[in-house]
Amino acid sequence: MNFKSITKALLIFSAMILSGQAHAARELVTLWNFNSRPADTLASTGTRSDSTGRGVYSKFGTFTDTFASGAGSTDPNTSNNNSGLSTTV
């Protein structure tokens, strides 16, 4: 094989891989909603535990996090348990 045919084969292979990635099934790994468990009416309380799936939330560096209102979020539970997590550097 010469350089031109190798390059062509690599381009075809790359296109096949990329097209397969575009059609791959998407699966939820972890979801955090930061709402308290059990539910309460305080936005300033919450949890860093995952609500769906299995994941770990951890801080690193010098940023801080606090619980605040989740107003404006995509959280479907807005009636009595709407905590959000605010991060600052």
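The written sequence of each chain sets the order in which its residues are numbered from 1. Two thresholds apply to this predicted model, a pLDDT of at least 70 for residue-level local features and 80 or more for giving and counting side-chain atom pairs, whereas whole-chain, interface and lining totals are computed over all residues. Side-chain numbers come from the whole structure's heavy atoms, not from hydrogens or water.

Another point: the overall build of the protein. Each helix is a run of DSSP H or I of at least 4 residues and each strand a run of E of at least 2, with the numbering of both proceeding from the N terminus. Looking only at helices and strands, the protein features one helix and four strands. Shown N-terminal to C-terminal, the secondary structure of the protein runs as helices and strands in the order α-β-β-β-β. The 89 residues of the protein split such that 16% are buried. The long-range fraction of contacts in the protein, counting pairs at least 24 apart against all pairs at least 6 apart in sequence, stands at 41%. Per-residue and other accessible areas were derived by the Shrake-Rupley procedure at a 1.4 Å probe size, with only the shown protein chains allowed to occlude residues. For the protein, the accessible surface area stands at approximately 7100 Å², while carbon and sulfur atoms represent 61% of it. Exposure is judged per residue with a 1.4 Å probe applied to protein chains only, and the accessible area is read against the type maximum: over 50% gives exposed, under 20% gives buried, and values in between give partly exposed. Whether two residues are in contact is decided by their heavy atoms, any of which lying within 4.5 Å being enough.

For every residue, the predictor states its confidence as a pLDDT score lying anywhere from 0 to 100. For the protein, mean pLDDT is 79; residues scoring 70 or higher make up 84% of the total. Of all the helices and strands in the protein, helix α1 (residues 3–22) carries the lowest mean pLDDT, 71, while strand β3 (residues 64–69) carries the highest, 87.

Here the focus is the packing of aromatic side chains. For Phe, Tyr and Trp, rings pair up if their centres lie within 6.5 Å, where Trp contributes its six-membered ring, and each pair is then called stacked (planes under 30 degrees apart), edge-to-face (over 60) or tilted (otherwise). For the structure shown, the criterion picks out two aromatic pairs. Where F34 meets Y57, the ring centres are 6.5 Å apart and the plane angle is 80 degrees; that geometry is what we call edge-to-face. Taken as a pair, F34 in the loop between β1 (30–31) and β2 (52–53) and Y57 in the loop between β2 and β3 lie far apart in primary sequence, 23 residues in all. The interplanar angle of 90 degrees and the centroid separation of 6.1 Å between the aromatic rings of F60 and F63 together place this pair among those described as edge-to-face. Note on F63: relative accessible area 21%, which makes it partly exposed.

What follows deals with unusual backbone geometry. Omega for the peptide link from R37 to P38 comes to 5 degrees, which places this bond in the cis form. Tracing the backbone through its elements, the reader meets P38 in the loop between β1 and β2. Positive phi is not limited to glycine here, since F34 has a value of about 65 degrees. Residue F34 is classed as buried on the basis of its relative accessible area of 18%.

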